[in-house]
Amino acid sequence: IDCAQRMMSAVRATSRRLKGFEAPTVWSEFTPLSQLHKSCNLGQGFPDWPTPDFAKKALIDAINSDANQYARALGDLPLVETLAKHYSKLVERTIDPLQEVTVTVGATEALFCAMQSLINEGDEVVVFEPAFDIYPAAVQMAGGTCSFVPIELNTTTSKWEVDFAKLEAAITPKTKVMLLNTPHNPTGKVFTREELEQVAGILRRHPHVIAISDEVYEKLVYDGREHVRLASLPDMWERTLTISSCGKTFSCTGWKVGWVYGAAPLVKAVALANQWVVFCVSTPTQRAMATILTEADQPYQGFPDYYAFVRNQYETKRNDLADSLRLGDIKPYVPEGGFFIMADTSKYEVPEKYVLQPGPSGESPVTRDWAFARWLTVEKGITPIPPSAFYTPETKHMATNLARFAFCKQDATLVESKVRFGKLTTADA
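Residues numbered from 1 in each chain as written. Predicted model: local features only at pLDDT ≥ 70, side-chain atom pairs only at ≥ 80, totals over all residues. Heavy atoms only, no water.

Asks: Is there a simple way to think about the pattern of salt bridges in this case?
Replies: Close approach of charged atoms allows side chains with opposite charge to pair. One pass over the structure, following the stated rule, counts 19 salt bridges. Across the pair Asp329 and Lys347 runs a salt bridge whose closest N-O atoms are separated by 3.3 Å. Of this pair, Asp329 sits in the loop between α12 (306-327) and β10 (331-333) while Lys347 sits in the loop between β11 (340-344) and α13 (352-356), and the two are 18 residues apart along the sequence. (Salt bridge = Lys/Arg side-chain N within 4 Å of Asp/Glu carboxyl O. Helix = DSSP H or I, 4+ residues; strand = E, 2+ residues; numbered from the N terminus.)

In structure tokens form, the structure reads like this:
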């Protein structure tokens, strides 16, 4: 009894800002389930092949140069200068490296500090749904609340679309931030210039709203599409914080180097929060990234630059996994960017035992997409992620017949997955 009382006391002592965080996540179930059944894990989204040699050499050289003490809080000078030069061309304006760029511990900490610096208790943040699960957590920890706007699947065109009337209707006098993600996780949608112009128009009509644009997949845009930065559009620089990082592009997610750029007052606010959270980011990784970003602009393995090479690698993997899904009678909604494929699994009947088996928080029955992911892992040796994890309880039904598959995997994993998809038939379920 005493132990139980102490545990309850500890729970009551936890801040309301952490309410719900103790619940198991989707990763709590499917990562160990994949390991247990030795499945092809197409769930968690991180590149599982080596970091490029030129990037590893840059880090070794930075350490050996004794760049090992605290860095400038807003970012190591060589890196912020390189970032300013890189993005000045892309947003068609001269970025001040000392005031309009700051470095963070990955994009996740950038988002955390952005919310901490902008959100007051009771403020609202407009978030596109499905949403990466870090977004609502960052908003909640800042004392804000999310107002979700759906990105809806048009099954006729196989495109993910935004109803801009619904987007504008979600804005209230309490709205402080609109959080955009392009290319979008998990749908793979790349917002077009025309769509971003509509977003910009809404923001102009609601000048009290600041935009945060998460663009960590900015270099992974396929089929010749253009990645348009909201900050590059007229009147948007002054009211947009753009977040990106090195992990996805350079296959080094463990380095945790991210950055934010935008108008000086907005960046200063993020930097103020950041200096009291981590003070500064690892100096050698920052120094290495300055070198890496410079070298990435040079010709690489027969391509005009490293970005063209890595884009080609991912596009090839995307096409291969899409073909594998079709072999298994699962319809892929081929993504325009990023490294996830959302797919239609509706041709399969999921055995009831996978529906009734309690979920990670004890809920039963679980949603169909969750049950399908279990069945595919346990009986067919392929692990996706149920996309209902990226929806609110009220909108989970939108993911009923969907599964998310990651193609940021070694060729051997994708080849074995194709073999297993090839053996999959609707008569199996």
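Asks: Where do I start with the sheet that holds strand β13 (residues 402-406) in this structure?
Replies: Remark on secondary structure: sheet strands pair via backbone hydrogen bonds, oriented parallel or antiparallel. The antiparallel open sheet is built from three strands, whose spatial order is β10-β11-β13. Bordering the open sheet on either side are β10 and β13, each of which pairs with just one other strand. Across the sheet, the axes of successive neighbouring strands diverge by a mean angle of 35 degrees, strand direction being ignored. With three bridges joining them, β10 and β11 adopt antiparallel strand pairing. (Pairing = 2+ DSSP bridges. Axes fitted to C-alpha atoms, helices over the stretch in contact; angles between N-to-C directions.)

Asks: Looking at this structure, I do not really get the packing of aromatic side chains. What am I missing?
Replies: The description of an aromatic ring pair uses the distance of the two centres, along with the angle that the planes make with each other. Under the criterion given, the structure shown has 27 aromatic pairs. Above the ring of Phe340, the side-chain terminus of Arg404 is found at 3.6 Å from the ring centroid. (Phe/Tyr/Trp six-rings, centres within 6.5 Å; stacked < 30°, edge-to-face > 60°. Lys NZ or Arg CZ within 6 Å of the ring centre and 35° of its normal.)

Asks: Teacher, can you tell me more about the pairing of strand β6 (residues 175-181) here?
Replies: Across a regular strand the side chains alternate sides, sitting on one face of the sheet and then on the other. Along β6, six of the seven residues are buried, which leaves the element largely enclosed by surrounding structure. Judged from the four bridges that link them, strand β3 (residues 124-129) and β6 form a sheet pairing that is parallel. Counted as the bridge partner of Val127 is Leu179 from β6. In this structure, β6 lies alongside strand β7 (residues 210-214), joined through five bridges in parallel fashion. The partner of Met178 across the bridge, within β7, is Ala211. With helix α8 (residues 193-205) bridging β6 and its parallel neighbour β7, the resulting β-α-β unit is right-handed. (Buried < 20%, exposed > 50% of the residue type's maximum accessible area, 1.4 Å probe, protein only. Right-handed = clockwise from strand over helix to strand, strands pointing away.)

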